[in-house]
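In case you want the letters, here they are:
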Amino acid sequence: MNELLIRNAYVIDPVNGVNGEIRDITVKDGKIVESVGSRAVVVDAKGHLTLPGGIDSHTHICGTKVNFGRYMSPEDMRAGRGRAQPHMHAVSGYSVPTVYANNYRYSAMGYTTILEGAMAPMEARHTHEEFRHMTLHDTMANTLFDGNWSVMEAIAEGDLKKAAAVVAWTLSAVKGFGLKLTNPGGSEMWGFGKNVSCIHQKVDHFGVTPAEIIEYMIRANELLKLPHSVHLHCNNLGKPGNYKCTLETMNRTPDLNDKRQSLYLTHVQFHSYGGSKWSDLCSKSDDIAWMVNRKPQVAIDMGQVMFGKTTTMTADGPMEFNLYRMYHNKWSNHDVELETASGIIPVFYSRKNLVNSIMWAIGLELALQVKSPWQCMLTTDSPNGAPFVKYPEITALLMSRKYRDEELSRTHPDTEKRTLLHSLDRELDWYDIAVMTRSAQAKALGVTGLGKGHLGVGADADIAIYPVKVGDIDPTVEYEKVIKALSQTEYTIKKGLIVCRNGNCLVEGRNTVYWVDPQVPDEYRLENDPEFIKKFERYYSVKLSNYPVRESYMHENYRIETHPDFD
Amino acid sequence: MKLLFTSGRTIRQGEQLYYKDNPKYTEQTSLCYINPLDLVEIGVFDGDLVRIKSCEGETVFKVVETRDVQQGMVFIPCGPHANSILHSHTHGTGAPDYKWLDVDVVPAEEGDRILSAWEILESEGGLRYDNTYPGVLTKSPDGDCVVEDVTCPLCGCLCDDIKLTIKDNDIVGVDNGCALCSGKFLAKERLKAPIMRTENGWKDISYDEAIEYTADILLKAKRPLLFGWSGTYGEAQCVGVSIAEAIGGVIDNCSSICHGPSIMAIQEAGHPGCTLGQIKNRADLIVYWGSNPIESHPRHMSRYSMYPDGFFLKDAFRDRKLIVVDIRETDVAKNADEFVKIKPGGDYAVFSALRAIVRGRSDVVPETVSGVKKTQLIRVAEMCMNAKFGVFFTGIGLTESPGKYKNVRNGIELVDELSRHTKFTLTPMRGHWNVYGTNQTFTYMGGYPYAMDFSRGTAFYNPGETSTVDLLLRGEVDACIIIGSDPGAHLPRKCNEALSKIPCVVIDPFPSMSTATANVQIPVAICGIDAEGTAYRLDSIPLWVKKVLEPTQPNDEEILTRIYDIIARKKGIVKSEDKIKAQSAEWEARK
């Protein structure tokens, strides 16, 4: 394989404490190495901003729910259409792009590793089928356990190891990466059209509370030594006054891991609402950020809302129905037996609407008030808050008070009364942004050691070179230049191969799916448990033998074996 | 006598799907079911022949007397006979009026006889092929074995509990499967080698010739159409989408003639649905609307709706109630707790009436709606609202009768209304085993579930314009690939006439009615027997369809990939491995 020498790169590599040094980066066989020979191909970075490849730790790109969003929205497909290019397929879709569109657009923005935020275990094969076409990205899938009957039964029995065994079996069977909880308990209740209120209401029939589900799953996750922590979409998403529920959930989180957080709370913007109804909705981002700042065991992502048209999609079925009753556009719902739920509706976030304006402000407030960028990652929960192509604009907003003020002045006139964005002076710098878009994600997902999110020797040669000289522009004023620079790399390099240049994707291949395979003792292996087998055959609508996604089904994949200590 | 024609599945017709060259198929598709009172008026008896005439033509059918069919209607099993008198206008929806055609039924004349399926296709410009290979086209170690948990590649139920007994390289036993399932697994008489139609009839050709021919007609065509796909697996469908993109063609699947209108409704109103296991564990009210699962999805009721154990139901069988809404008193209707017999074309009004009642406005509902008494409508609405978990299974009775997608939309809006009172869902009864899979793969690859037109360089979608029946009727198509479907049996006459006139390649393991309209047929391994791949059940659960015997013939994906490679080379599209090599070479050169 070729060697590559990137000369004259202005490197920010937070994991290795590098903040803006002009360096050469040397690559061999897809990895970063100490040095290369004289025959190496030379890429001149011309002193431009060079970062590890971007990592999205929470987005919706591949799977049943995402594809249903496309299927039901020809209007959205038409809004994002593009012709085939010499090395690129035709694309469709703006807020829910086709798989090739996701592939190219993320790559053009310098991203190289993507985590699908919610995969129903029973429909995992669909996610993996789409992953095959995400040719320019390493991928991984959060796997849903929020309404898993076997998990809830184990919790009702107080059996942590059994709960962990269910997680272990399922993750290996469906080739999942992380343990995801979406409105825990709520999806089971939605099976009969109900929901849970915050974390202390018992789930019908199973008799466990969301708080218990969260706590057991956090402990099970650490018992199984999974790379990532539990990934939680809190209860009560989008309800005025839900910040108390979020605060209590954070406050209850034990600190069980010294390498990373013990609980990752996703799209926290949607969970930071004060007030009691829509008419008195206000921001409680200060309280949420205060809690995050005193709890190293939690990390969050923003879930930033940006104005315009998008599609909301989540495993939180009851929430989507409530949202539909406000928008009354169109509503899809898809409950998955014994496991989870989901819903999809298209939305339009209007800057003239007070509620939408408050939502927009809250996301930014969170990022500006959480002190450590390692604890707050930049996301839109794409496409829920906005499609991921809005990331450069969000970055610019975080870097420029001037830009924020200008945008704020164009929102609903009452926004200032209900939010505190206007009082926040903080302007993030390039280093903060590098943390919030790649390094913090690598740490939170536990994949730094696998060579993700940094440019140290031995790391994967996933590199993004942006057409901007950091010293030449002032991001607090020249935010348009920031947006332009981050929207399209000069070079996106994936495992040592130049996959995208100035927005033109050049090649395919080099994509790997990461999944975990915890090795539990034989007596905890579910396939040896006659009770589990009996129940499975009786209540699932597929045979147990046809449920797992076999390794031979996968394209390139990387199995992360863990050795939990069950004694 | 003037009657209203409606066509649909029967299980006897379904059993013969892989034996279409056999007289038994003709026997089943040339029946017509008529109410005894109408028979009196026509002046014929059970077993007599009648001529049925429409705007499109006429043909001879054999009468079956039945009270299941309302007065004023004639029911015909779907197939070449029914379609030979059906017109091709879709009212901008892509789906023909399979369930709504004015016909004149008169006694047959002296000398009238039933035409065979082949004869019908020949009258549409085709040429029969009756030289099937009776031998076995798979290879496997001799001896006996039993393969369990096989997924059945027949209907949308995608049952995955089939047990196959294999003896000496031959499937000899099918357990757990229905009649349709056994029909497919036990089907022999495949096509041995690629064939080409010449002036002197059919001749065998090599795979290389067949593939070259296919690539060639696609490259030369101005408006190529790739139709079918629901009988093949996801991996092959993806290659199909890439071919369509490369040649700027139209790719369409069977949805466009069956549940396409359901998809259009979903695109307007959304789809409140769930997986089938959710229904079996929770539902205490099952509604089949315009759907006849006993004939079309024989194990649907026993596996997913009425008869399986349900976690939340103590006595699942007694605790569940069944409502059937149909224009015919089908066997499912006979077992229903409530049979709502509506006049043909009355579905939309009945949905609207139910919506009004659920909203507390029964005062606006007249005494009868589409032949249904208000008292019954109120009873049905109450059953729905009192259910803990209800489900509508909607069939093509809604999508192919007047109103089409608007019927389904009204059904979805009724579910929306009911969801404010209790839990309710809706699931279209998708027909082919992987027809939902075609929608899934087309959508993630190109953005649209069917009727996808790449002629502009981008994907474009407009059912009624870019759907198969409409394209063929307008005479736009100048080359066609048919795969995993049999339009010869299921498209209206004018479409088959159009296909007979243009270069047409069929990729299919069996000689089918479409063979008649083809210039070349390429036989392939069968997914589920000697090929394997991904399929999506009617509730979007993706399943692996496994292979139980080793093939001697290439599979769909291999054939399509070879076609794609030729097209890509001619069009200057470089394959990825070559691109990587090219990048390396460029680097080398720069040094």
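Residues numbered from 1 in each chain as written. Chains lettered and ligands numbered in written order. Predicted model: local features only at pLDDT ≥ 70, side-chain atom pairs only at ≥ 80, totals over all residues. Heavy atoms only, no water.

Chemist: Residue-level account of the layout of surface pockets, with values.
Modeler: All names here are of chain A. Its volume calculated, the second largest pocket comes out at about 430 Å³. If you go around the second largest pocket, you meet 26 residues; those closest to its centre are Gly238, Trp278, Met319, Leu323 and Met326. Elements represented by at least two residues in the lining of the second largest pocket include exactly strand S15 (308-314), helix H11 (317-327) and helix H12 (354-369). When residues in the lining of the second largest pocket are grouped by element, the largest group, five residues, is from H11. (1 Å grid on protein atoms, 1.4 Å probe; cavity = no way out; pocket = protein on both sides within 12 Å on 5 of 7 lines; lining within 4 Å. Points joined across faces, edges and corners; volume = space filled by probe spheres on them. Helix = DSSP H or I, 4+ residues; strand = E, 2+ residues; numbered from the N terminus.)

Chemist: Please set out the state of the cysteines residue by residue, giving values where relevant.
Modeler: Residues and elements named next belong to chain A. Enumeration according to the criterion identifies one disulfide over all chains in this entry. Linked covalently through their sulfurs, cysteine 198 and cysteine 245 form a disulfide whose S-S length is 2.4 Å. The sign of the 105 degrees torsion about the S-S bond sets the cysteine 198-cysteine 245 disulfide as right-handed. With cysteine 198 in the loop between helix H7 (186-190) and helix H8 (210-223) and cysteine 245 in helix H9 (residues 243-251), this pair connects stretches of sequence that are 47 residues apart. Cysteine 245 carries the same exposure label as cysteine 198, and that label is buried. Free of any disulfide, cysteine 282 has its nearest cysteine sulfur in cysteine 245, 16 Å distant. The thiol of cysteine 500 is unpaired, and the distance to the nearest cysteine sulfur, on cysteine 505, comes to 3.7 Å. What makes cysteine 500 buried here is its relative accessible area of 0%. (Disulfide = S-S within 2.5 Å. Buried < 20%, exposed > 50% of the residue type's maximum accessible area, 1.4 Å probe, protein only.)

Chemist: So what about the interface of chain A and chain B? Which residues, and what values?
Modeler: Each side of the interface is counted separately: chain A has 74 residues, and chain B has 76 residues. Joining chain A to chain B, the criterion identifies five salt bridges. One salt bridge in this structure joins B:Asp309 and A:Arg538, with 2.9 Å as the shortest N-O distance. Top element by residues in the side of chain A that touches chain B is helix H1 (residues 64-71) of chain A. It accounts for five residues. Class assignment of the residues belonging to the side of chain A that touches chain B gives a composition of 30 nonpolar, 23 polar and 21 charged. When strand S16 (residues 332-335) of chain A meets strand S15 (residues 272-274) of chain B, the two strands line up parallel, connected through three bridges. (Contact = heavy atoms within 4.5 Å. Salt bridge = Lys/Arg side-chain N within 4 Å of Asp/Glu carboxyl O. Nonpolar A, V, L, I, M, F, W, Y, C, P; charged D, E, K, R; others polar. Pairing = 2+ DSSP bridges.)

Chemist: Can you break down the domain arrangement of chain B residue by residue, with the values?
Modeler: Residues and elements named next belong to chain B. The domains assigned to chain B are domain 1 (2-123), domain 2 (138-185), domain 3 (195-255 + 436-530 + 555-576) and domain 4 (260-428). Summed over both sides, the interface of domain 1 with domain 3 buries roughly 1900 Å², with 58% coming from carbon and sulfur. Between domain 1 and domain 3 we count two salt bridges in total. Among the ionic pairs, glutamate 56 bridges to lysine 494, the shortest N-O distance being 2.8 Å. Our count for the domain 1 to domain 3 interface comes out at eight residue pairs in polar contact (both at pLDDT 80 or more). When contributions to the side of domain 1 that touches domain 3 are tallied by element, the ones reaching two or more residues are helix H4 (80-84) and helix H5 (117-123). Of the residues in the side of domain 1 that touches domain 3, the class split is ten nonpolar, twelve polar and three charged. (Domains from an automatic or database assignment. Buried area = accessible area lost by both parts, 1.4 Å probe. Polar contact = N/O pair within 3.5 Å; in protein donor to acceptor, adjacent residues only side chain to side chain.)

Chemist: So, the nonpolar core: which residues are in play, and what are the values?
Modeler: Counting 277 residues, the largest nonpolar core has A:Met217, A:Leu398, B:Ile243, B:Trp289 and B:Ile507 as its most contacted members. The leading source of residues in this core is H12(A), at eleven residues. Beyond its immediate stretch of four places on either side in the chain, A:Met217 contacts A:Val151, A:Ala163, A:Val167, A:Leu179, A:Leu181 and A:Val230. Of all hydrophobic cores here, the second largest spans 43 residues; its members include B:Cys155, B:Leu180, B:Tyr288 and B:Phe389. (Core = buried A, V, L, I, M, F, W, Y, C linked by side-chain atoms within 4.5 Å.)

Chemist: How would you explain empty space enclosed by the protein if you had to name every residue and give the values?
Modeler: Applying the stated criterion across every chain yields a total of 14 cavities of 30 Å³ or more. The calculated volume of the second largest cavity comes to roughly 280 Å³. In terms of lining residues, the second largest cavity is bounded by 31 residues, among which A:Thr64, A:Lys65, A:Glu123, A:His334 and A:Ser342 are the most central. Counting only elements with at least two residues in the lining of the second largest cavity, the list comes to H1, strand S7 (111-119), S16 and strand S17 (343-349) of chain A together with S15 and strand S22 (423-428) of chain B.

Chemist: Tell me what's going on with the environment of A:Phe131, and back it up with residues and numbers.
Modeler: Within the secondary structure, A:Phe131 sits in helix H4 (residues 124-131). Sequence separation between A:Phe131 and A:Met291 is 160 residues; the distance between their C-alpha atoms is 36 Å.

Chemist: An account of a negative patch on the surface is needed here, citing residue identities and associated values.
Modeler: Residues A:Asp522, A:Glu523, A:Asp565 and A:Asp567 make up a contiguous surface patch of negative charge. Following the sequence through the fold, A:Asp522 ends up in the loop between strand S23 (513-518) and helix H18 (530-539). (Patch = residues over 30% accessible without salt bridge, like charges linked within 9 Å, V, L, I, M, F, W, Y side chains within 5 Å. Areas by Shrake-Rupley, 256 points an atom, 1.4 Å probe, with all protein chains shown as cover. Lys, Arg positive; Asp, Glu negative; His and termini not counted. Charge placed at Lys NZ, Arg CZ, Asp CG, Glu CD.)

Chemist: Describe helix H22 (residues 493-501) of chain B, and please don't skip the residues or the numbers.
Modeler: Here H22(B) has its buried residues at B:Arg493, B:Cys495, B:Asn496, B:Ala498, B:Leu499 and B:Ser500. Summarising the contacts, the buried residues of H22(B) are in contact with H4, H5, helix H20 (468-473), strand S25 (479-483), helix H21 (487-490) and strand S26 (504-507) of chain B.

Chemist: Help me get a handle on the sheet that holds strand S18 (residues 338-341) of chain B, residues and values and all.
Modeler: Hydrogen bonds between backbone atoms are what pair the strands of a sheet, whose relative direction is either parallel or antiparallel. Residues and elements named next belong to chain B. Strands sit in the order S18-S17-S16-S21-S22 across an open sheet of five strands; the sheet is parallel. The open sheet has two free edges, formed respectively by S18 and S22, since each of these has just one partner strand. Shown here is a sheet whose adjacent strand axes are inclined to one another by a mean of 15 degrees, direction ignored. Pairing geometry for strand S16 (residues 285-289) and strand S17 (residues 321-326), over five bridges, is parallel. Within S17, the residue paired with tyrosine 288 across the bridge is valine 324. (Axes fitted to C-alpha atoms, helices over the stretch in contact; angles between N-to-C directions.)

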